[in-house]
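Here is how the chains run, residue by residue.
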Amino acid sequence: QIPQGPSSMSAKDVFELFDADDDGKLSVEEFGRALRALGKAPTEKEIEKMADSPMDFDDFKKKVSMYQGPSSGTARSELKDSLDVFDRDNSGCVPEAELRFLLSNMGEILSDMETEQILKDAPKNKDGEIILDGMMKMLLSA
């Protein structure tokens, strides 16, 4: 089973979406975009190392399964540090409006649709604020 990205598309759906010329193969460039669509974050060097020529769906599945990316401990630590910056009162929560602004305007800017999906799925406390621990778990399991 290939882990699915934030959009919950299957690997086959992603493969077909990024196979722009419908030849049943992904170019190196298409592979990189497809890998990212599945929620991975490869560098250009990693993409070039993994995909030196066009690949069919079976090759794509193998390469996606083999991709390790940053260790989950490192990713978890970096995400926690990033989110903690916005927890000004150390409550473990951030107002939804503030997180919406951050997702839409800082770092890797997300589309309105991507932002809405994340905020819709994010765990909230009784005041409607985003619970950072729950948000972190949600993002890391994507």
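Note that the structure is a prediction, hence the values are computed from the model and not measured.

Student: Tell me about helix α6 (residues 96-105), and please be specific about residues and values.
Tutor: Those residues of α6 lying buried are E98, L99, L102 and L103. The buried residues of α6 occupy an angular sector of 130 degrees when the element is viewed end-on, so they sit on one face. More than 90 degrees from the buried face of α6, the exposed residues found are A97 and F101.

Student: I'd like to hear about the confidence of the model for the chain, residue by residue, with values.
Tutor: Averaged over all residues, the pLDDT of the chain equals 81, while 85% of them reach at least 70. Mean pLDDT across the elements of the chain bottoms out in helix α5 (residues 72-84) (71) and peaks in strand β2 (residues 130-131) (93). Counting contacts from residues 1-7, a segment whose pLDDT is below 50, to residues more than four positions away or on other chains yields 20 contacts.

Student: Kindly report on the environment of I131, identifying the contributing residues and their values.
Tutor: Tracing the sequence through the fold places I131 in strand β2. On the accessibility criterion, I131 (29% relative accessible area) is partly exposed. Sequence spacing of I131 and E96 is 35 residues, and the spatial spacing of their C-alpha atoms is 9.6 Å. Among all residues touching I131, those that are not within four sequence positions of it are G92, C93, P123, K124 and N125.

Reading the values: the criteria
Residues numbered from 1 in each chain as written. Predicted model: local features only at pLDDT ≥ 70, side-chain atom pairs only at ≥ 80, totals over all residues. Heavy atoms only, no water. Buried < 20%, exposed > 50% of the residue type's maximum accessible area, 1.4 Å probe, protein only. Helix = DSSP H or I, 4+ residues; strand = E, 2+ residues; numbered from the N terminus. Arc of directions from axis to C-beta. pLDDT = per-residue confidence, 0-100. Contact = heavy atoms within 4.5 Å.

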